[in-house]
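Breakdown of the fold
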Amino acid sequence: RRVYTCTSGCVAGSALSATPFNNANASITIAGATATERTSIINWVRGGNTRGDDNPSNNTAHVRGMVHGDVIHSRTAVINYGRTADDVVLFYGAGDGLLHAIRGGRVSSAGSESWSFVAPEHFNSLKRIHDHTPVIGGTDSKPYFIDGSPVAWTYSSANDGVINHARGDKAYLFLSMRRGGRILYALDVSDPDNPKFLWKRSNSDAGFAALGQTWSTPVVAKVRAQANPVLVFGMGYDAAANDPSTQGTPTVGRGVMVIDAFTGSMLWQAGASVSGGTALTVAGMTHDFPADVAVVDSNADGYADRIYAGDTAANIWRINIGDNAFSNWTVHKFAELGSGGLNRRKFLFAPDVVLTEPSDGSDYVLIGSGDREHPFDTSIANRYYAIRDDHGLNYVRSSPIEQGNLFDATSNLDTPANVDGWFVQLQTGEKVVGGSTTLNGTVIFGTNIPATQVANSCSSLGEARLYAVNYKTGAPSFNADLDNAVTADDRYAVTPGGGLPPTPVPVSVSIDNHIYTVAISGPNVIAPPGPEINRRYRQYWRQNRE
C-alpha cells in the first residue's frame, strides 16, 4: 500500500514517495508512543491488524477488517484526466487520518486506492485512534484529520480537457482541515500516480497568524491584480469562541485571505488584525469567517469582481476586487442581520449569489443562519434571507442592510417588488445546515429541527426539511401537499429519516436528447419548475385507492 507523508526532505516539487509513511521513515515521531508502539501505530494506520482485535481470525499478519475511516465533512474532488476512457481519480479525507486517492471509472481497478497521504501535524492523533482510548464522549471529542473538502485546479495545454503531465498539463489539489487544524496544504497531482508536495501554510507562518481552523473551502479564481490563479477563503473558525454554548469573543479567523494558488504566498487580506501581503485593517471584522465565500465574475470576462463573505455574527461583507491593484480593493459591511447576546445568529455556509439581467436592477444574495455545531440549541431565532445588491462592480452601500429593510415573508407569499429583499422566520430550534442552490428561479436549501436529546445517543436526528422557494419573493415553488391552495407550509417537504440534509448540488443530465436540470441533496432529487415557452406538456399522476 502506498501511504505517503511530508517529513524531512519534503520540499516544493519533491515526490511524496520520497517521504513514505512507514517504519523506515525515522522522521515520523508520535508523542507518548514507545518504539514498539510507534511500529504498531504506523502499521495499523497502513491497514495492518497489529492489535489483533479487528479480524475474524485475530491474526496480526492480516489486514484489519475495518481499514477505512469515517468521512464527515470532506466532499470528494474528482479529476477526469481523460488520457483513457476511464481515467478518473477521486480525492477526499477520512477519519483514519488519511487523504485518499481512489481510482474511478468502469475499469477493473475502479474503487481501489492509488495512494494516500498523512499530514505530519496529525501524527500524534494517530495514537488515539489506534489505542481506542479515551472513548469519545464528554470532554473527549472525536479526533479530526484532513476533514475539509479538497479543491482541484487543472490546466490542459491543448485545451482539450485532457490532463497529461507528459505534455506539461497540471492538476493541483488544495486541502483544508476544518477541525483538523489551522493548516492548508497544496499537492501537485498532475501525475496521479506520482503526487508531489507543492506548499503548506499554517498560523505559524509569517502573515498567517490570524488563520483559524481552516473551515472555509478555498475558491480558485483569477483576478486582475495577479498573474497566477489565487485562492480566496475566510480565515476560519475560532473553536475557543464558538464551541461553548454561549458564544465568546473570537481572536482568530477574523477576516478574508487571498493567496497565490501556485506558491501559497500571501497576496491580500482584510480583517480586524492582519499583516502580510496587502493588509487592509477593517475594525468591524470582529468575528470569525468559517463559511465558504462566494466569488463572483459579474461581467463574465474571466476575472473575479466581487467576494461575499458571512461571519459568525450574521454579517455579510462585500469585497470589491475588480481593480488591477490589491491596494485599491475595498471592503464594506453589506448586511448586518444579527443581534447581541444569546440571539446572535451565525452564517456557517456560503451565500448563493444570483446574477440577474441589468434591466432587473439588482443581484440577489441568498443565505440562511444556523449553528450546526450546536444542533440541539433552541435559543437562536434563525432565518433565511434574500437580499438585493447593486450590479455595480465598485458599488459601496452607505450603510448596511438591516432586517428592518427586508420584507417579512414568513406568512405572506406576496413580497413587494420595491423592497431590499425578504426573510423567512424559521421554527423554534430550526437551523439552516448547509448551503443553497438556485435553479430555474428556485432557491433550494436544507434545515433541521432538533428532536428531544437523548444522552449518549445518535438516534435523535430531528426533522430534516428541504425548502424550494422563489428566490425573488420567498413564495413556494411547489404545491407540496397537493391540495387546492398554496400556503407557507408548501415551502418545504420533510425528508424521511431526519438528520442534516447535505448542501443541494446542481446537476444537468442528458436523457434521450433532453436536458434535465435538478438539484440533489442526499437521496432527494429536486426538479424546479422551468418556464413553459408556448408548449403543452402531458402530465401523469397516480392515486392509491382501497
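What counts as what
- Residues numbered from 1 in each chain as written.
- Predicted model: local features only at pLDDT ≥ 70, side-chain atom pairs only at ≥ 80, totals over all residues.
- Heavy atoms only, no water.
- Pairing = 2+ DSSP bridges.
- Helix = DSSP H or I, 4+ residues; strand = E, 2+ residues; numbered from the N terminus.
- Disulfide = S-S within 2.5 Å.
- Buried < 20%, exposed > 50% of the residue type's maximum accessible area, 1.4 Å probe, protein only.
- 1 Å grid on protein atoms, 1.4 Å probe; cavity = no way out; pocket = protein on both sides within 12 Å on 5 of 7 lines; lining within 4 Å.
- Points joined across faces, edges and corners; volume = space filled by probe spheres on them.
- Nonpolar A, V, L, I, M, F, W, Y, C, P; charged D, E, K, R; others polar.
- Patch = residues over 30% accessible without salt bridge, like charges linked within 9 Å, V, L, I, M, F, W, Y side chains within 5 Å.
- Areas by Shrake-Rupley, 256 points an atom, 1.4 Å probe, with all protein chains shown as cover.
- Salt bridge = Lys/Arg side-chain N within 4 Å of Asp/Glu carboxyl O.

**Examining the sheet that holds strand β17 (residues 315–320)**
Read across the open sheet, the five strands follow the order β15-β16-β17-β18-β22; overall the sheet is mixed. At either end of the open sheet lies a strand with only one pairing partner, and these are β15 (294–296) and β22 (401–402). In this sheet, strand β16 (residues 306–310) lies alongside β15 in antiparallel orientation, the contact comprising three bridges. The partner of V295 across the bridge, within β16, is I307.

**Topic: the state of the cysteines**
Under the defined criterion, the tally for this structure stands at one disulfide. Between C6 and C10 runs a disulfide, and the two sulfur atoms are separated by 2.0 Å. One disulfide, between C6 and C10, carries an S-S torsion of -95° and so falls in the left-handed class. On the basis of relative accessibility, which here comes to 10%, the residue C6 falls in the buried class. Using a relative accessible area of 14% as the deciding quantity, one classes C10 as buried.

**Details of the layout of surface pockets**
Of the volumes computed, that of the second largest pocket is approximately 1100 Å³. Surrounding the second largest pocket, 38 residues form its lining, R75, D292, F349, G435 and T503 being those nearest its centre. Mapped by element, the contributors of at least two residues to the lining of the second largest pocket are β15, β19 (352–354), β30 (505–511) and β31 (514–521). Split by residue class, the lining of the second largest pocket holds 21 nonpolar, 11 polar and six charged.

**Concerning a nonpolar patch on the surface**
On the surface, a nonpolar cluster with roughly 250 Å² of combined accessible area is contributed by V509, I511 and Y516. Mapped onto the elements, I511 comes out in strand β30. Residue classification places I511 among the partly exposed positions, given a relative accessible area of 44%.

Just geometry here; none of it tells us what the structure is for.
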